[in-house]
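Remarks on the overall topology
Here is how the chains run, residue by residue.
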Amino acid sequence: MFDFFFNLPLWVQIVAKGLAVIAVVFPIAGACSLAERKVSAWIQGRPGPNRALPWGLGYIPVIGPMLQKLGVFHLMADGGKLLFKEDPVPGNVNKFYFILAPIIAIIPAFTTVVFVPFGAYFNEAGRIVPLILANLDIGLLGVFAVSSLGVYSLILAGWASNSKYPFLGGVRASAQLISYELSMTLSVVPVFLWINAPGQPGTLSLAKVVEFQSLPGFLGGAWFVFLMPLSAFLFLVALFAETNRQPFDMPESESDLVGGFHTEYGSFKWSLFFVAEYAHMTVGSGIFVLLFLGGWNPLPWIPLETVVGWLSGLGEFATHPLFVGILSISIFLGKVLFFIFFFMWVRWTLPRFRYDQVMKMGWQILLPLSIANLIFYMIAIAFIQK
Amino acid sequence: MAVIEVERKSLTLVERTYIPAILSGLKTTWKRMLAPNVTLSYPEQRPEIPTGYRGVPTLVKDPNGREKCVSCQLCEFVCPPKAIRITPGEIAPDSPTAHVEKAPQEFEIDMLRCIYCGLCQEVCPEEAIWLQNQYSMTGFTRAEMVNNKEKLYAIGGTLPDNHFKWDKKKSAEEHGNAH
């Protein structure tokens, strides 16, 4: 099967891989909306969505009612509703840009997946091969470059709505995202300073970061969250702000902006914004996991190689690339899903900031902290790597 | 009045990062998530109705199965939103309850008008109309929301009665000392 796949023409391989990734990321982004409802319900002490039940499935003895209780079918119900309900376009808006905005929202959110390695396997020589759609050296830079385009959709939606609240939401979104983009980028620079030793070809590849975290030895096997806790924290805070999640959901902030940039949007166009937000969240937490939490390595100081070595005692299958690939992908996905849960968990814990607090935090606290952090690690790494 | 000087402690550096507060908040919400639900799944689970609850007004029968209402129309007069309409009727002379003389021929309560004030229950000399614990009266048409006599008795059922006023009146009549 493996040989068959690699003997296919290159473009077929690329299309197949791309479709496989889309087939995973799309449902995750969609299921997040359901998970959000469920998690918020649990935290608020209520059962949450548990009614939808397609005809006939309720008669399956144990599984049917259980799936109904979990609200699994609400995914379909929500999707169907958002697709088929009336989708009004207000009369006084610029229709072209109004419809363009949600489309623009979804493109960068899903494009960034290209740069994210989501697993690895070992080739015949025992070298680690990351599973990634485009294994480019610009890796993280590509993610930042493309994902920051997402803010255009918010501005465009706010402006094209031709209404005050969405406009304010769009303006606030642009100001917020710029403020946090800076500290986000600065907080990951120490990681790349660490992995790029002088004299060697430099790289910004995320796969290289994970490979670095699976090296033997104390410093090699440590995840970067232990080596650079402040960087990880700053990156996480900036990630919250970048993905417009509470407590930084200033662009939406229904307490003072009704619905923010999407006040005038309904049904499917609205849902596109939300799928984009969740896709952003998925990719963002994926990047956090890759940079600071060891990517597809199961535990700190226990890289994937060691685990495969242990499992190979059980039989031949353990070293098969397919098995290793699935194992690494599920470890990585598990971490990502935990982070998506963490985003929701934080949402129901922290109150929303005021806009001036958001600005103050971005420019007066996070940015100086990330610069200080960068300088500290520059000096420290210079001493260690000498 | 004594003046107490309250010392305002400034936050320590750790407290000013808010991280301990955030972590304890996360702990609280985590515990809340694992705790059992506090809500009811409404149509399956019903809330416990306290005694004396004033729900939908109903008509009740006494333990002998006789309708208590004597169509005196006090409730109809007292009803503030004029939701009650009684058509008085006679009891047939050959009926075993003929000594009561009167019973409603038709008794209608328009639930679209009823305000659940309970004045009908207060005023009823026969304790025939009771606001019981049914609280969700719904229907698809306006006509459905008018409870007729049959429906009122179906919802009301029978309530215990300690007095048996009309039985006493009947036996008194048989012994020749009515009134």
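All residue numbers here refer to positions counted from 1 along the written sequence of the relevant chain. For this description, chains carry letters from A and ligands carry numbers from 1, given in the order in which they are written. Residues qualify for local features only when their pLDDT is at least 70, as the model is predicted, and side-chain atom pairs are given and counted only at 80 or more; totals for whole chains, interfaces and linings, by contrast, use all residues. Hydrogens and water molecules were not included; the side-chain quantities draw on all heavy atoms of the structure.

A word on the overall build of chain B
Strands are runs of DSSP state E lasting at least 2 residues, helices are runs of H or I lasting at least 4, and numbering of each runs from the N terminus. Each helix and strand in chain B was counted, giving 6 helices and 5 strands. Its helices and strands taken in sequence order, chain B reads α-α-β-α-β-β-α-β-β-α-α from the N to the C terminus. Dimensions of chain B, computed from C-alpha atoms along their principal axes, come out at roughly 95 × 50 × 30 Å. A burial count over chain B gives 28% of its 179 residues as buried. Throughout this description, buried means an accessible area under 20% of the type-specific maximum (1.4 Å probe, protein chains only), exposed means over 50%, and partly exposed covers the range between.

Remarks on the UniProt feature "binding site: [4Fe-4S] cluster 1" (unreviewed entry) in chain B
Residues and elements named next belong to chain B. Following the UniProt record, the feature "binding site: [4Fe-4S] cluster 1" (unreviewed entry) maps to Cys-69, Cys-72, Cys-75 and Cys-124 here. In three dimensions, the annotated residues from a span of 56 residues occupy one location, with a maximal C-alpha spread of 10.5 Å. In this fold, Cys-72 is placed in the loop between strand S1 (57-59) and helix H3 (74-78). Judged by its relative accessible area of 36%, Cys-72 falls in the partly exposed class. Within the element layout of this structure, Cys-124 appears in the loop between helix H4 (119-123) and strand S4 (129-131). UniProt positions are given in the numbering used here, feature names are shortened, and annotations may be inferred rather than shown by experiment.

A few points about the UniProt feature "binding site: [4Fe-4S] cluster 2" (unreviewed entry) in chain B
Residue and element names in this part refer to chain B. On the UniProt side, "binding site: [4Fe-4S] cluster 2" (unreviewed entry) is annotated at positions that read Cys-79, Cys-114, Cys-117 and Cys-120 here. Sequence-wise these annotated residues cover 42 residues; spatially they are packed, their C-alpha atoms never more than 10.6 Å apart. Structurally, Cys-79 is set in the loop between H3 and strand S2 (84-90). Since its relative accessible area comes to 11%, Cys-79 is described here as buried. Mapping Cys-114 onto the fold places it in the loop between strand S3 (102-110) and H4. A relative accessible area of 15% places Cys-114 in the buried class. Only heavy atoms enter the contact rule, under which two residues are in contact if any of them lie within 4.5 Å. Every residue in contact with Cys-114, bar those within four places of it in the chain, is listed here: Pro-57, Pro-81 and Ala-83.

Overview of the sheet that holds strand S5 (residues 146-147) of chain B
Residues and elements named next belong to chain B. In this scheme, strands are said to pair when DSSP sees at least two bridges between them. Ordered in space as S2-S3-S5, the 3 strands form an open sheet in which the pairing is antiparallel. Two strands in the sheet have a free side with no partner beyond their single neighbour: S2 and S5. In this structure, S2 lies alongside S3, joined through 7 bridges in antiparallel fashion. Following the sheet pairing, Arg-85 is matched in S3 by Glu-108.

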